[in-house]
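Observations on chain architecture
One-letter residues, chain by chain:
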Amino acid sequence: MPIGLRPVSDARARTFADPQVQAAWSALDCGFAQVADVFEECVKEALAVLSASQFAAYIEAARGLGKLGRGAEPILVFLQIWPTVVATVRGDALAPVLDLVRAMQKSPNGGAIAGFLQTLAPVARRLQAIEQLELYLGLLRELMQRTSTSIHGRHITFPSPSLPVFCRQAPQLLGLLSLGGLRNWVDYGILSHATHPERQEEYFALQSADSRAILQRERHGTLFADVERKLELWLRALWREGELLVPYSTAPLTHGEIRQPMPYYDSQGMRVPDVLDDAMRAGGRVSGLDRYRAVLAHMVGHRRWSTPQIADNWSPFQRMAVEFFEDCRVELLLIRDYPGLRRVFLALHPHPAAAGCDPETTSCLRHRLAMFSRAALDPDHGYADPVLLDYVARLHALLEGGAAGTADVAALALSWVAKTRRQSDQYARIHFTDTVIDYRDDNRQLWRFIEEGDEEEAFDEPRRRTPAEETVGLPPRRYAEWDYRTQSYKPDWASVYEALHPSGEAAHIDRLLQRHAALARQLKRLLDILKPQDKVRLRYQEEGSELDLDVALRSLIDFRSGVTPDSRINMSHTTAGRNIAVMVLLDLSASLNQRVADGGQTVLELSQEAVSLLAWAIDHLGDPCAIAGFHSNTRHEVRFQHIKGFSERWDEAVKARVAAMQAGYSTRMGAALRHAGHYLAARRADKRILLLLTDGEPSDVDVEDGAYLRADAKRAVDELAAKGLTTFCLSLDRKADEYVREIFGQRWRVLDRIERLPEQLPMVYLNLTK
């Protein structure tokens with residue numbers, strides 16, 4: 001028999017000296033020799049951690065994994081990691097884990113079960129709370145459902161390409177992000193790469209640029225897992241508190257949740273947010289670590305000095321007042337022990353304006369209580385209300401006596417409610433501004449209910465290229481794209497490769513211009529009228545259009561006298577009164593190869609004629625002008641070709657490039673607009689115009705949703721407008737009215753008769769630059 005292959009009966013017949021291990025092995029009913037080799041060690045480790053009922057469930061779950069038909073790996077991994085998971089997570093985690101395993105087994109994703117189990121222990125160590133683990137398992141299930149695909153759209157036939165990769169990366173990702181940030185990162189990857197399995201794998205493996213950029217964007221604040229040890233040592237050092245700290249997720253509310261969780265404590269431990277951002281307050285920035293300390297210190301105060309009160313006979317308003325007064329009492333006692341806490345509490349406590357709430361239209365009870373709370377903690381509160389000052393003084397007097405407890409403060413709070421109540425306190429419109437004190441817990445342990453009611457329910461429960469396809473030229477410039485579905489930018493999404501346009505036969509352009517000689521003569525008469533006449537002489541030029549005789553004579557005299565002459569003996573002229581810079585951007589997509597209605601010329605040939613006439617006209621006016629063309633082949637390859645630079649004249653070299661214009665590929669308009677705007681924005685001019693000539697709406701082969709590229713193009717136009725650039729579109733698509741209006745607002749024109757393009761394009765420019 002070959003080495004490494006044993007009959008199934010060998011493993012099932014394995015015997016163990018320990019009766020408890022032997023009983024567990026019989027219950028496991030497993031024939032894998034690899035499992036038998038490590039089973040005794042796994043059982044001993046499990047017995048040290050698990051109760052009897054947990055151990056029985058552990059063996060039964062392992063037995064089920066062995067019957068999945070996935071080989072020995074799932075059961076082997078489960079037997080080894082599960083005791084660690086149970087020791088780390090408070091609560092029953094077995095049921096939700098097995099539910100997810102069954103869902104994977106029923107789908108084509110059964111091969112990912114072993115990988116999921118392999119990283120479950122480090123994930124559990126990072127999350128710790130059962131609530132957090134359940135959110136993570138829900139995220140895995142959602143990822144699996146949204147990325148598993150089907151041929152016919154009915155039954156899932158292909159496994160998720162990203163699920164195994166995500167499981168491998170999960171411990172690292174949870175070390176960098178909160179669960180809320182991780183959900184945003186996952187959502188972005190699914191939306192952006194839903195139809196591209198290879199790019200999904202790259203994204204979830206953190207190999208793509210956008211994956212790393214979104215990860216960086218979602219990283220914020222202070223993660224609880226990073227400061228947990230510091231906080232535990234801080235609690236032990238100051239208050240000898242060794243209670244377990246359990247994080248909860250601060251992710252946005254999901255369907256069915258009615259309120260954002262707040263800090264609280266119960267028999268399972270002290271519950272704190274999984275991440276806290278630095279807070280900007282009037283007194284300056286408060287770090288996330290200090291915010292955690294304020295949250296924990298406040299709960300320690302309640303654990304030390306608060307006693308539960310019977311709440312059945314008190315109204316919600318009365319209970320709210322008691323909670324505010326008791327919060328103030330425990331914080332004052334904390335400050336008495338550690339005066340430095342006053343600075344942290346006051347930095348995080350809002351400071352409501354005395355006249356900030358209108359009692360005629362709004363319930364101001366929360367506002368009055370927040371003012372009282374601030375005044376109780378802050379000697380320099382600045383309030384002048386006599387009732388408020390009286391009750392603050394009475395609270396401080398109670399504490400000075402030394403024997404005041406929760407019941408005494410509750411009596412004081414009820415007295416305050418009776419004295420300050422107003423009819424408007426019953427209004428549905430409640431004033432919340434500057435009343436939320438986010439470092440305080442929800443006070444659920446402050447109340448005891450004799451009769452069960454709602455209170456208990458509310459509070460106690462990139463495409464790969466071959467070497468031959470590699471783009472030659474300058475490195476790409478990457479631009480973000482706007483995703484209207486997520487209302488956010490995809491960073492570094494489109495790669496723009498720029499190059500100088502190849503040259504052709506310049507004489508071809510001369511022949512085209514000769515064909516339109518009559519139109520050129522008509523344009524010249526208009527240009528002579530528009531052309532500025534006030535010349536300005538620029539003297540002392542190294543190079544110029546003519547010799548400056550005065551300077552040249554002085555230089556000659558200096559030379560004959562043995563003095564170094566001034567070499568700036570030329571001069572040139574410029575026109576004053578017209579300060580315009582223009583970028584003409586040409587859509588060179590494949591649709592330009594279509595012939596016009598009469599079947600003669602192609603749209604590309606008409607574009608060459610129109611651009612030639614326009615460039616000749618602009619050169620005659622003396623306006624700085626650049627011409628470029630673009631097309632795209634997915635977001636990874638947006639080609640931007642320079643045809644004429646701002647400093648170039650309309651000469652043979654530029655004509656040769658226009659003559660060589662070719663059409664192909666697609667129209668990723670947003671990236672091209674941003675790149676053209678990059679060059680135009682660098683020009684110093686009173687008016688900067690980007691004139692786009694296109695024959696269709698934005699499109700590309702890697703985008704199925706047409707609205708996506710239209711929304712991105714509109715966003716690009718808005719970005720250019722914010723830089724002071726005017727974008728105008730001349731469209732050759734007769735059906736373009738709806739989408740060009742969506743993208744360009746009022747700055748567009750649709751040319752119904754394409755054959756008139758050589759005549760109309762220069763006229764559009766002249767109208768824009770009047």
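Note that the coordinates shown come from a computational prediction; the quantities given were computed from them, not determined experimentally.

A separate point is the sheet that holds strand E19 (residues 726-731). Ordered in space as E10-E11-E17-E16-E15-E18-E19-E20, the eight strands form an open sheet in which the pairing is mixed. Pairing within the sheet leaves two strands with one partner each, and these edge strands are strand E10 (477-483) and strand E20 (748-750). For this sheet, the mean inter-axis angle between neighbouring strands, taken without regard to orientation, is 25 degrees. Here five bridges tie strand E11 (residues 488-500) to strand E17 (residues 638-644), and the two strands are oriented parallel to one another. Its bridge partner being in E17, glutamate 498 is matched across the sheet by phenylalanine 640.

The next subject is the packing of helix H3 (residues 33-47) against helix H5 (residues 73-88). For the pair H3 and H5, the least separation of the axes is 10 Å and the interaxial angle reads 15 degrees. When the axis of H3 is compared with that of H5, the two are roughly parallel. With respect to the hand of their crossing, H3 and H5 are arranged in left-handed fashion. Contact with H3, carried on its side by Gln34, Val35, Val38, Phe39, Cys42, Glu45 and Ala46, involves Ile75, Leu76, Leu79, Gln80, Pro83 and Thr84 of H5 and no other residues of that element. Residue composition of the contact of H3 with H5, grouped by class: nine nonpolar, three polar and one charged.

The tally for this structure, following the rule as stated, stands at 43 salt bridges. Close ionic contact of aspartate 438 with arginine 291 constitutes a salt bridge, the shortest N to O distance being 3.2 Å. Residue aspartate 438 is located in the loop between helix H20 (406-420) and strand E9 (447-448), and its partner arginine 291 is located in helix H15 (residues 288-305); the two are separated by 147 residues in the primary sequence. Aspartate 700 is the partner of arginine 668 in a salt bridge, and the nearest nitrogen-oxygen pair spans 2.8 Å. Taken together, the residues arginine 668 in the loop between helix H26 (652-659) and helix H27 (669-680) and aspartate 700 in the loop between strand E18 (687-694) and helix H28 (706-722) connect sequence positions 32 residues apart. In the salt-bridge network here, residues are joined through shared partners; they are Glu142, Arg146, Arg183 and Asp187.

Partitioning the protein chain into domains gives domain 1 (11-148 + 158-218), domain 2 (222-252 + 260-452), domain 3 (497-529 + 580-769) and domain 4 (536-574). One C-alpha centre belongs to domain 2, the other to domain 3; they are set 64 Å apart.

Here we take up the nonpolar core. Of all hydrophobic cores here, the largest spans 77 residues; its most connected members are Phe116, Tyr136, Phe166 and Trp185. With eight residues, the top contributor of residues to this core is helix H9 (residues 130-147). Here this core gathers at least three residues from each of two domains, domain 1 (11-148 + 158-218) and domain 3 (497-529 + 580-769). Contacts of phenylalanine 166, omitting those with residues within four sequence positions, involve Tyr136, Leu139, Leu140, Leu143, Leu173, Leu182, Trp185, Val186 and Phe204. Residues Val272, Leu341, Leu377 and Ile437 belong to the second largest nonpolar core, which totals 59 residues.

This paragraph deals with the state of the cysteines. Scanning the entire structure with this criterion turns up one disulfide. What pairs with cysteine 357 in a disulfide is cysteine 364, and their sulfur atoms sit 2.0 Å apart. Measuring handedness by torsion sign, the sulfur bridge of cysteine 357 and cysteine 364 sits at about -85 degrees and is left-handed. Comparing cysteine 357 with cysteine 364, the two get one shared label, buried. Counting only cysteine sulfurs, cysteine 357 is the nearest neighbor of cysteine 328, a cysteine outside any disulfide, at a range of 18 Å.

Throughout the structure, instances matching the rule amount to 19 aromatic pairs. On the numbers, 5.4 Å between centres and 85 degrees between planes, the contact of tryptophan 185 with phenylalanine 204 is edge-to-face. Taken as a pair, tryptophan 185 in helix H11 (residues 179-192) and phenylalanine 204 in helix H12 (residues 197-204) lie far apart in primary sequence, 19 residues in all. Of the residues examined, tryptophan 185 reaches a relative accessible area of 0% and is grouped as buried. For phenylalanine 204, a relative accessible area of 0% corresponds to the buried category.

On to the pairing of strand E4 (residues 269-273). Side-chain positions along a regular strand alternate between the two faces of the sheet. Across the five residues of E4, five count as buried, placing the element largely inside the fold. Relative to E4, strand E3 (residues 264-266) runs antiparallel, the two sharing three bridges. Paired with tyrosine 264 across the bridge in E4 is arginine 271. Hairpin remark: E3 followed by E4, antiparallel, with two residues in the connecting loop.

This part takes up a nonpolar patch on the surface. A cluster of nonpolar side chains, contributed by Ile430, Phe432 and Val436, occupies part of the molecular surface with about 280 Å² of accessible area. You can see phenylalanine 432 is positioned in the loop between H20 and E9. Here phenylalanine 432 falls in the partly exposed class, since its relative accessible area comes to 47%.

Rules used throughout
Residue positions are counted from 1 within each chain, in the order its sequence is given. Local features in a predicted model are, by the rule used here, given only for residues with pLDDT of at least 70; side-chain atom pairs are given and counted only at 80 or more, and totals for whole chains, interfaces and linings are based on all residues. The side-chain quantities take in all heavy atoms of the structure and omit both hydrogens and water. Two strands qualify as a pair provided DSSP detects at least 2 bridges between them. Labels follow the DSSP assignment, with helices taken as runs of H or I lasting at least four residues and strands as runs of E lasting at least two, numbered in each case from the N terminus. Axis definition: a line fit to C-alpha positions, over the contact stretch in the case of helices; interaxial angles, taken between N-to-C directions, run 0 to 180 degrees. With respect to orientation, any angle under 35 degrees is reported as roughly parallel, any angle over 145 as roughly antiparallel, any angle of 65 to 115 as roughly perpendicular, and every other angle as oblique. Handedness of each helix crossing follows the sense of rotation of the near helix against the far helix: counterclockwise by less than a right angle gives left-handed, clockwise gives right-handed. Any two residues whose heavy atoms approach within 4.5 Å at even a single point are treated as in contact. Basically, the charged four are Asp, Glu, Lys and Arg, the nonpolar ten are Ala, Val, Leu, Ile, Met, Phe, Trp, Tyr, Cys and Pro, and anything else, Gly included, counts as polar. Every case where a carboxyl oxygen of Asp or Glu lies within 4 Å of a side-chain nitrogen of Lys or Arg is listed as a salt bridge. An automatic or database domain assignment provides the domain bounds reported here. To qualify as a nonpolar core, a set must consist of buried Ala, Val, Leu, Ile, Met, Phe, Trp, Tyr and Cys residues joined through side-chain atoms within 4.5 Å. The cut-offs for exposure are 20% and 50% of the maximum accessible area for each residue type, with area from a 1.4 Å probe on protein chains only; residues under the lower value are buried, those over the upper are exposed, and the others partly exposed. Any two cysteine sulfur atoms within 2.5 Å of one another count as a disulfide. The pairing test for Phe, Tyr and Trp rings, Trp by its six-membered ring, is centres within 6.5 Å, and the orientation test on the planes gives stacked under 30 degrees, edge-to-face over 60, and tilted for anything in between. Like charges within 9 Å and nonpolar side chains (Val, Leu, Ile, Met, Phe, Trp, Tyr) within 5 Å are joined into patches, using only residues over 30% in relative accessible area that form no salt bridge. Shrake-Rupley sampling with a 1.4 Å probe provides the accessible areas, and residues are treated as covered by the protein chains on show and by no other component.

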